[in-house]
Amino acid sequence: MTDGLNMQKCPKCGKDNLAHMTHCVHCGTAMEDLFHFDGQIETPESSNEEPIAALPFIFDEMQSTPQSDDDSPSRDSSAEKKATDEDGSQSPDWLERVRERVRAEDDASGLLTKGLSALQERLESDEKGDAESQYQAWLDEIREKAEREKAKQAERLQPSPLDEQGVPEWLRRIRALHPDADEGVEELKTEDEWTEEELEELRRRELGDDYVPNHMNEQTAEDDTDEPEEDDFEPDIEHNIPEDYEDLTTAEAQSRKSKVSPAPIDEALDNSPEETGFVMMGEPKLDPDEVFDTKAVEALLAQSDQSPPARKKASRDAEKEAILQDLVILRGQHEKVALLKALISEEGRPLPSSGEIKTKKRNHSRLIIGLAFILVLLFSIIFIPKNMSHKTPISVPQERFTLHLDAMDANKSLLLVMSYSAASATELEALTAPVIQALEDKGLSWQAMTLRMDGLWLAESLFEKADLKNPPAPVFLSGGQYAMLNLAIKPDDQTELEEQKVLKEGMPKFDDFDYVLLVTDSSLSVRGWLEQVAVNQPSINTFAIISQKEAVAIQPYFDSGQILAYLSGMQGLAGAGSYAGIHQSVFHVGLILMILLLILGFLLRPGSDEQPKPETGGQA
Amino acid sequence: MKKILPLIVAISSALFVIVGIFFKESLSGWLSVVLNWAIVLSSVALLVVLARLLITHIGYITSGRQGFIYSLVAVFAFLFTLIAGFLAGIDNPAYLKWIAGILRPLETALLGLVAIVMASMSIKFLRERGWNALTISFTISAFIFLILGLGLVQAIDYAPLKQVIRAIEGLPMIGARGLLIGVALGAILMGMRVLIGAERPYDD
């Protein structure tokens, strides 16, 4: 113990004593004349009355070995600071310099400065012969401590259940809250490696009566320890996130089943359960994303100059604040986890709005408008006489049709091709009947063919309207445009393929006709005829009678000469005495109603039912 | 094989029809056979559709689905027409008049409702879309052609006005020509795609 220290001999008994002893430990002889510090500046006599309270700390510091005291520099400085503060204002110059330097520095660098200051003190107080070895030892110690500080800071930035030294997260937090206890632990174990036995001992000491041996929950602990290994050190924060004090007690009970016990936190709370303030915490004022720091712990060191009760209270407050910060942080994380869980659980469920029963507001305005529309038309049909003289200009196709019909010879033949539905029958029959009558009057041969099945009975109606005595029976041509193309292609009559034609019996041949009159309500039929049949039968002249809504679609064929002439809608055969059976007055009434509706729709509450526009594109 | 065989049939049939049109004198007989096959197939397809429609409505009736009364009417009308056609013959004047007496008012009424529906939808269109370029142009164009349909403006004997009216009445013709050109180009393109197998309307 005394190796490496200066010794002095007692002037009375001659036995060895430590250099700084004021009395001989063997005979009790005063050795004050011999006692002095190397490098100590000789001061007046008043300064010899160095604070007595500081001496024990100095002695402790001097007696302690550097190898076994990791944090001795900081402790020395704090001890000296304490001693000086308690003593009063007088202190050595070198101590004042050290204090100023400590105040100037912060955090790890401050500790380093403290260590260096203590090192200088030690160097000043030690003998010159041992100075180099002790200096080297202190340097190593300080380096080691600085590296440890850096490692702890790195752990705070990247929280993980275990650090590289195997220290659990809760233990690191406890160490941060109890730096003195941490030092004590480190004193006990110079090698900073924790074994299970040491952890058990630490838990037993921290928990006291609440300690449950780990082997009691061995099975549970094994299950829990498997998960972190699989999750690659995923921080398990569920076990130490109490929502409130009740949850904390629940968590305490649950924590006994887990290997990573929150016992230190509980112990810290049990010291002053009412003062921990879980129920008084209120709204968290701290940033949930903020990581835990040791400023609160350092505040404890800064408050060490207070009186012991006040210091204790301040230490307790700082400890509580640190714990609260920790819990608030974890609570914020816990809230995020809860929110994430809720979002995941809600995934795939229908939106609340989609499940709501839409209370559709009944709007009878359109029903009223429709009924009014129908009523007006009905009254106009009933009360307005039909055969009123309406003179409309004769169109070019209409005029051409009349001219061609007048120019037809009696020895010519015409094929009447019908392809319209019953809905258009009224309009088309009114146009076609006068034409058939004119053909009959001329003595022209003609034949009817229908491309639709319902054309068979619609033809009967047409013939009746034309007032024909013995009309030719219409022929149904199944197959639509395929059949027309089949008819248009002239097969070789000499081949046997002619015998294989499916519908040859009674079927007209295009070669036998000079004209074709298409009666249809679809421009597609006209186009199909012109594109499939007429190109294969160039000798046949094509006429058409088409409904008004489709007339514009065949106008290009008329302009190109593919259709010689056509009739449609109101433009019936000139001189027929009627306009294709259309009630002109009712037609005009309908047009007026449509105009009024458009004006109403355009002016009355425009955009009242406006729907949000789609973001991209949208139907026009 | 499931995809290649229809492809081969489609391409070979299309090529044969095209070649038959170009070499009409020598291939017209064979082309007629192919067209007859198409007619028969289309007739069989119509029968299949009829059978499917009948089975579907019978299923609705047996399961008591909501609105099965309409299915009942459809099945009854189908069976009645079919049986009457078989018994009386499709050339029977009474039968034809009877069928026409049902069809004509029904279809004419449906066509007349189109005008009502179009008027209603035009109002809805204006109220939902509000005032924008589309609705305003639609309204103006409809309004102009409705006025022209009345024939009152044409009665005014004023040469410049007649020219304007003629120009306006020619606008639908421009649209029809553009439509026909587009249809022709689309048909050519579709035919080429079917020929090279890029378009398979017969596929699933």
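The shown structure was predicted, so the numbers you read here are calculated from the model rather than taken from an experiment. (Residues numbered from 1 in each chain as written. Chains lettered and ligands numbered in written order. Predicted model: local features only at pLDDT ≥ 70, side-chain atom pairs only at ≥ 80, totals over all residues. Heavy atoms only, no water.)

Trainee: So what exactly am I meant to see when it comes to the packing of helix α19 (residues 455–466) of chain A against helix α4 (residues 93–129) of chain B here?
Mentor: When two helices pack together, their arrangement is given by the angle between their axes and by how far apart the axes lie. Where α19(A) contacts α4(B), the two axes come as close as 8 Å, and the packing angle between them is 95 degrees. Compared by their axis directions, α19(A) and α4(B) come out roughly perpendicular. Across the interface between the two elements, A:Leu456, A:Trp457, A:Leu458, A:Glu460, A:Ser461, A:Glu464 and A:Lys465 of α19(A) pack against B:Leu96, B:Lys97, B:Ile99, B:Ala100, B:Leu103 and B:Arg104 of α4(B). Residues that form the contact of α19(A) with α4(B) fall into these classes: seven nonpolar, one polar and five charged. (Axes fitted to C-alpha atoms, helices over the stretch in contact; angles between N-to-C directions. Helix = DSSP H or I, 4+ residues; strand = E, 2+ residues; numbered from the N terminus. Parallel < 35°, antiparallel > 145°, perpendicular 65-115°, else oblique. Contact = heavy atoms within 4.5 Å. Nonpolar A, V, L, I, M, F, W, Y, C, P; charged D, E, K, R; others polar.)

Trainee: What is the right way to read the pattern of salt bridges from this model?
Mentor: Opposite charge on two side chains permits them to pair, given that their charged atoms come into close proximity. According to the stated counting rule, one finds 12 salt bridges over all chains in the structure shown. With a shortest N-O distance of 3.0 Å, B:Arg104 and A:Glu429 are connected by a salt bridge. On the criterion of chain membership, the pair formed by B:Arg104 in helix α4 and A:Glu429 in helix α18 (residues 425–442) is interchain, its members lying in two chains. Look at A:Glu429 and you get buried, because its relative accessible area is 0%. For B:Lys124, the salt bridge goes to B:Glu128, with nearest N and O atoms at 3.9 Å. (Salt bridge = Lys/Arg side-chain N within 4 Å of Asp/Glu carboxyl O. Buried < 20%, exposed > 50% of the residue type's maximum accessible area, 1.4 Å probe, protein only.)

Trainee: Would you mind going over the pairing of strand β3 (residues 413–419) of chain A with me for this structure?
Mentor: Two faces make up the sheet, and in a regular strand the side chains alternate between them. Residues and elements named next belong to chain A. Of all seven residues in β3, seven are buried, a share of seventy percent or more. Residue alternation in β3 divides its side chains into two sets, Ser 413, Leu 415, Val 417 and Ser 419 and Leu 414, Leu 416 and Met 418, and both sets are buried. As judged from the six bridges shared by β3 and strand β4 (residues 445–450), these two strands associate in the parallel manner. Along β4, the bridge assignment pairs Leu 416 with Ala 448. Regarding the hand of the β-α-β motif, the stretch spanning β3, α18 and β4 is right-handed. Examined bridge by bridge, β3 and strand β6 (residues 515–520) share six bridges and lie parallel to one another. (Pairing = 2+ DSSP bridges. Right-handed = clockwise from strand over helix to strand, strands pointing away.)

Trainee: Explain unusual backbone geometry here, please?
Mentor: Outside of glycine, negative phi angles account for most residues, and trans bonds account for most peptide bonds. Residues and elements named next belong to chain A. Phi at Asp 467 takes a positive value of approximately 60 degrees, unusual for a residue other than glycine. With respect to the helices, strands and loops of the structure, Asp 467 is situated in the loop between α19 and β5 (475–476). By relative accessible area, which is 53% here, Asp 467 ends up exposed.

Trainee: In this structure, what is going on with the packing of aromatic side chains? I would like to understand it.
Mentor: Centre distance and the angle of the planes are the two values used to describe a pair of aromatic rings. Going through the model one piece at a time under the given rule, you end up with eight aromatic pairs over all chains. Look at A:Phe401 and A:Phe543: their rings are 5.5 Å apart centre to centre, the planes differ by 75 degrees, and that puts the pair in the edge-to-face class. Taken as a pair, A:Phe401 in helix α17 (residues 396–407) and A:Phe543 in strand β7 (residues 541–546) lie far apart in primary sequence, 142 residues in all. Of the two residues, A:Phe401 and A:Phe543, neither departs from the other in class, the shared state being buried. Here the aromatic residues A:Phe401, A:Tyr515 and A:Phe543 are joined through ring pairs into a cluster of three or more. For B:Arg65, the ring lying beneath its charged end belongs to B:Tyr60, and the centroid distance is 4.2 Å. (Phe/Tyr/Trp six-rings, centres within 6.5 Å; stacked < 30°, edge-to-face > 60°. Lys NZ or Arg CZ within 6 Å of the ring centre and 35° of its normal.)

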